[in-house]
Amino acid sequence: MKKVKEFFRKRMVALKRKPQTIPMIVLIVTFLIYSLNLRIISDTTARINMTGMGLAGFVTMLLSILSFVCFLNAFPHRKPVNVPMLVLFFIMQIIIGVCNRYYLSKITLAIVNEGAKAADMLKKNLFIAKAYKMLGVHFIFLIITVALVALLPLYSKLLRKIKTSIDVAGNESMGEIEISSEE
């Protein structure tokens, strides 16, 4: 039990020192949601084949990778926040969101254009429905990531208020210790 408490205390101290770890983890999850489902996106693009779908998928993947670089450069170790990189990070996240919504609109348009054949198309091509769901989840995680980065100053102050110091027996009598050079 003592080791478990110490483990969580150390993690809390690490979060107090680097609160940007929280949005970084969510950014990684957001990236993994998209990149691990890239085959589904590619199959959907090949099947529906509407204008701009491939470009939207490419831009989303490219800016997802580049947003890592911007995020890491926005919060350098032991230095103040690099505001231009932070602004560039937010711009990239907005572009990813726009591309995501564009791709979703193209899937919806393809299903609407199929009319009565839409159900048959979705039965034969289950990856289209999976891509639609995945892009919705990706968009939600994108919003969460942006919110966590935007609210970082607020919850970093709250994290600093959490007491993580260890009470060591005998610290109260530090004034009673006499230092003498007598041998």
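Keep in mind that this is a model prediction, so the values were computed, not measured.

Our focus in this paragraph is the overall build of the protein chain. Looking only at helices and strands, one finds 8 helices and 0 strands in the protein chain. Reading the secondary structure of the protein chain in the N-to-C direction produces α-α-α-α-α-α-α-α. Taking all 183 residues of the protein chain together, the buried fraction comes to 32%. Across the protein chain, contacts joining residues at least 24 apart in sequence account for 81% of those joining residues at least 6 apart. When the accessible area of the protein chain is evaluated, it comes to approximately 12,300 Å², of which 67% is carbon and sulfur surface.

Let's shift gears to the nonpolar core. Ranked by size, the top nonpolar core spans 36 residues in total, and within it I41, F71, F75, Y103, I107 and L135 carry the most contacts. Secondary structure elements with two or more residues in this core: α2 (21-35), α3 (38-48), α4 (53-74), α5 (83-114), α7 (126-150) and α8 (152-160). Top element by residues in this core is α5. It accounts for 9 residues. Not counting residues within four places of it along the chain, the set of residues in contact with I41 comprises Y34, Y103, A131, M134 and L135.

Okay, the confidence of the model for the protein chain next. Per-residue confidence for the protein chain averages 87 on the pLDDT scale, and 89% of its residues sit at or above 70. Ranking the elements of the protein chain by mean pLDDT puts helix α6 (residues 118-124) last, at 72, and α2 first, at 96.

One pass over the full model with this rule turns up 1 salt bridge. For the salt bridge of D43 with R39, the shortest nitrogen-to-oxygen distance reads 3.7 Å. In this pair, D43 and R39 both sit in helix α3, 4 residues apart, roughly one turn of the helix.

Among the residues of α8, L152, Y155, S156 and L159 are the ones counted as buried. Angular distribution of buried residues about the axis of α8 spans 110 degrees; they occupy a single face of the element. In α8, the exposed positions angled more than 90 degrees off the buried face are occupied by P153, L154, K157 and L158. The elements touched by buried residues of α8 are α1 (2-17), α2 and α7.

How each quantity is defined
Within each chain, residue numbers correspond to sequence positions counted from 1 in written order. At least 70 in pLDDT is required for a residue's local features to be given in this predicted model, at least 80 for side-chain atom pairs to be given and counted, and no such filter applies to totals for whole chains, interfaces and linings, which use all residues. The basis for every side-chain value is the complete set of heavy atoms in the structure, and neither hydrogens nor water enter the calculation. The helix count covers DSSP runs of H or I at least four residues long, the strand count covers runs of E at least two residues long, and both are numbered beginning at the N terminus. Here the term buried applies to any residue with accessible area under 20% of the maximum for its type, exposed to any over 50%, and partly exposed to those in between, with areas from a 1.4 Å probe on protein chains only. Only heavy atoms matter for contacts: two residues are in contact if any of them lie within 4.5 Å across the pair. Each accessible area value is a Shrake-Rupley result obtained with a 1.4 Å probe; residue values ignore everything except the protein chains displayed when judging cover. By nonpolar core we mean a set of buried residues, namely Ala, Val, Leu, Ile, Met, Phe, Trp, Tyr and Cys, connected to one another through side-chain atoms within 4.5 Å. Summary of the metric used: pLDDT quantifies the predictor's per-residue confidence within the range 0 to 100. Any carboxyl oxygen of Asp or Glu that lies within 4 Å of a side-chain nitrogen of Lys or Arg is treated as forming a salt bridge with it. It is the directions from the helix axis to the C-beta atoms that the arc portrays.

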